[in-house]
Amino acid sequence: MKDIDGSPIVRNGKSVILAYDHGLEHGPVDFKPQPESADPENIFKVARHDAVTAIAVQKGIAEGYHEKYRDEVNLMVKLNGTSNLWEPEDYYSPKNCSVRYAVEELGAEAVGYTMYAGSDYEARMFEEFREVQEEARKYGVPVVMWAYPRGRPIKNDKKTSTISYAARIGLELGADMVKCKYPGSRQKMEEVVSQTGNMKTVMSGGSKRNDKSFLKDVEESVKAGGDGLAVGRNIFQRENPEEILDRLEDILY
Ligand code: FBP
């Protein structure tokens, strides 16, 4: 883990990563509530909001859309991803982009990698992450781990102890920021954060909820020592994403 407080993806110690890899991870269903969200251009426009410290996208979206916004939007390239269409024996998210390509060709300021700790493929993913983490050090870009405990032995990935363990794995393996599911209360989030040392720990947004319930969780998470969010649907499935980003800006910075 490195101190990334001076990095462009952190503002006053906090981050809002606008996650937009849903076209790969979930497919068109996530764009149905706001059909204009299927057009990446619209999401890059949203990412210009001051509250957003980076947009997280797959390489194809980065290639097609980032150039025009590079002065206004910090790019985080998600280096692995998987679709909902296949049914593997257990969870695995293959790497589809190198750190070199992300930084040199796409202009990434940071990279992200989903880790399914607990899967039969954990060893393969640890090895891929090793490569990513060491290459990221060479280029001086932060590495964010999407810490998703998933696999046959994991019966409940929302258990605080399981979320904490997955987040801790990020610290152990050299991530600079870990993204985990919000465990449901300030006290439970404190438990998670107690395991992650000085590593930035941000909560995921999850499926879309009303403003009140979403913002309450964000507030509690920050009070617990959380460092912000990596959030997708709770922004781009809203009719007015700017409005909720204004609120997040007030809470976080
Ligand atoms: P959301 O805020 O919409 O949950 O997005 C965050 C994210 O991590 C995305 O990067 C990713 O596509 C999605 O959640 C994965 O969701 P799931 O938990 O359903 O696999």
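This report concerns the structure included in the present document.

Reading guide: rules and limits
- Residues numbered from 1 in each chain as written.
- Predicted model: local features only at pLDDT ≥ 70, side-chain atom pairs only at ≥ 80, totals over all residues.
- Heavy atoms only, no water.
- Axes fitted to C-alpha atoms, helices over the stretch in contact; angles between N-to-C directions.
- Helix = DSSP H or I, 4+ residues; strand = E, 2+ residues; numbered from the N terminus.
- Left-handed = near helix turned anticlockwise from the far one by under 90°.
- Contact = heavy atoms within 4.5 Å.
- Nonpolar A, V, L, I, M, F, W, Y, C, P; charged D, E, K, R; others polar.
- Patch = residues over 30% accessible without salt bridge, like charges linked within 9 Å, V, L, I, M, F, W, Y side chains within 5 Å.
- Areas by Shrake-Rupley, 256 points an atom, 1.4 Å probe, with all protein chains shown as cover.
- Salt bridge = Lys/Arg side-chain N within 4 Å of Asp/Glu carboxyl O.
- Lys, Arg positive; Asp, Glu negative; His and termini not counted.
- Charge placed at Lys NZ, Arg CZ, Asp CG, Glu CD.
- Phe/Tyr/Trp six-rings, centres within 6.5 Å; stacked < 30°, edge-to-face > 60°.
- Buried < 20%, exposed > 50% of the residue type's maximum accessible area, 1.4 Å probe, protein only.
- Lys NZ or Arg CZ within 6 Å of the ring centre and 35° of its normal.

The geometry of helix α6 (residues 160-173) relative to helix α7 (residues 186-193) is characterised by a closest axis approach of 8 Å and an angle of 30 degrees between their N-to-C directions. At the point where α6 passes α7, the crossing takes the right-handed sense. Between α6 and α7, the residues in contact are Thr160, Ile163, Ser164 and Ala167 and Lys188, Glu191 and Val192, respectively. A breakdown of the residues in the contact of α6 with α7 according to their chemical character gives three nonpolar, two polar and two charged.

The next subject is a negative patch on the surface. Together, Glu242, Glu243, Asp246 and Asp250 make up a negatively charged patch on the protein surface. Within the secondary structure, Glu242 is located in helix α10 (residues 241-252).

Let's shift gears to the packing of aromatic side chains. Summed over the entire model, instances satisfying the criterion amount to eight aromatic pairs. Considering the side-chain rings of Tyr20 and Phe31, the 5.7 Å spacing of their centres and the 45 degrees angle between planes classify their relative orientation as tilted. Of this pair, Tyr20 sits in the loop between β1 (15-19) and α1 (22-25) while Phe31 sits in the loop between α1 and α2 (40-46), and the two are 11 residues apart along the sequence. Geometrically, the ring pair formed by Phe31 and Phe236 is tilted, given 5.9 Å between the ring centres and 50 degrees between the ring planes. One end of the pair, Phe31, is in the loop between α1 and α2; the other, Phe236, is in helix α9 (residues 233-236), with 205 residues separating them in the sequence. Taking the relative accessible area as the measure of exposure, Phe236 reaches 5% and is therefore buried. Among the aromatic residues, those joined into a cluster by ring pairs are Tyr20, Phe31 and Phe236. A cation sits over an aromatic face here: Lys181 above Tyr148, 4.9 Å from the ring centre.

Structural measurements only, silent on function.
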